[in-house]
Amino acid sequence: MSTEPRINDRIRVPEVRLVGPSGEQVGIVPLAKALELAQEYDLDLVEVAATARPPVCKLMDYGKFKYESAMKAREARKNQAHTVIKEMKLRPKIDPHDYDTKKGHVVRFLKQGDKVKITIMFRGREQSRPELGFRLLQRLADDVQDLGFVESSPKQDGRNMIMVLGPHKKKTEAMAEARALADARKAERLGRTTGSDAAAADEDAALEAENAAAEAEAVEAEAVEADVEAAAEVEQPAEASQDA
């Protein structure tokens, strides 16, 4: 079943309560009159309250209305904050390097505004030493306390021990900061590009100036050479007359 309102000729009622383009109340008018006004304003007659008696219709540009509604919905979805629970699994006797790597992932998740479920997996005789897992979870919570807090304290669940960390920042705040950082990096890249373009333009201008100076020197040298040749031609006839 379509959820779009009826417009123009699809409206099948004898009369409607009409609302003008600017929201003004026109009143109850025959459907034919409402369609005539819509054609006169070059707009659509849109049924906005079908259950009213008579139905309420409004004069509007329906295509523009649909586009703006879609853009608003898209922007709303873009700004929605979906809380995600990430999971990180550790062993009670984890290697220091592996611990640092796992902690780095937890830090990244908390910065993004996500919750993190930490699972300590016990195997074999490790199950008789739950205090190892508890101390490891407490250590991790202390290491990331600036970014998150213990939302669910460590609890034994079969062979596993589970703790949930919650972020101090809300998801929306983390998203806003990420967008701001991306915009700043983009502006910085554009600034570098503009600076390199300006430097290239300066180099081109300097090269053009050098070429122009070289051309001027060549023209001047040709002029001097022409003057020397002309002077030589004048002296030669004079010498010839003296010989005669």
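Residues numbered from 1 in each chain as written. Predicted model: local features only at pLDDT ≥ 70, side-chain atom pairs only at ≥ 80, totals over all residues. Heavy atoms only, no water.

Here's the deal with the side chain of D44
Worth spelling out the cut-off: For the purposes of this entry, the term helix denotes a DSSP run of H or I that reaches at least four residues, the term strand denotes a run of E that reaches at least two, and both are numbered from the N terminus. Exposure categories follow from relative accessible area, calculated using a 1.4 Å probe and restricted to protein chains: below 20% of the type maximum is buried, above 50% is exposed, and the middle band is partly exposed. Positive: Lys, Arg. Negative: Asp, Glu. His and the chain ends are not part of the count. Only one rule defines a salt bridge in this text: a Lys or Arg side-chain nitrogen within 4 Å of an Asp or Glu carboxyl oxygen. Counting of polar contacts relies on pairs of N or O atoms within 3.5 Å, with two restrictions inside protein: one atom must be capable of donating a hydrogen and the other of accepting it, and residues adjacent in sequence are counted only when both atoms are side-chain atoms. Here, residues are in contact when the closest pair of their heavy atoms is within 4.5 Å.
Structurally, D44 can be placed in strand β3 (residues 44-49). Buried charge D44 goes without a salt bridge, the closest partner of opposite sign being R10 at 8.9 Å. A polar side-chain atom of D44 sits 3.0 Å from the main-chain amide nitrogen of Y62. D44 has contacts with N8, A38, K58, L59, M60, D61, Y62 and G63, leaving out every residue within four places of it along the chain.

Side note on the sheet that holds β3
Put simply, the rule reads: Pairing between two strands is assigned when DSSP locates at least 2 bridges connecting them. Between the N-to-C directions of two axes lies an angle of 0 to 180 degrees, each axis being a line fitted to C-alpha atoms and, for a helix, fitted only over the stretch in contact.
Spatially, the four strands line up as an open sheet ordered β2-β1-β4-β3, and their pairing is mixed. With partners counted over all chains shown, the strands left at the sheet margins are β2 (25-30) and β3, one partner each. Across this sheet, the average inter-strand angle for adjacent strands is 35°, counted without regard to direction. Inspection of the sheet shows strand β1 (residues 15-19) paired to β2 by five bridges, in the antiparallel sense. When the sheet's bridge partners are listed, V16 is paired in β2 with V29.

Side note on the pairing of strand β8 (residues 160-167)
Most of β8 is tucked away, with seven of its eight residues classed as buried. The pairing of strand β7 (residues 148-157) with β8 spans seven bridges and is classified as antiparallel. If you follow F149 over to β8, its bridge partner there is G166.

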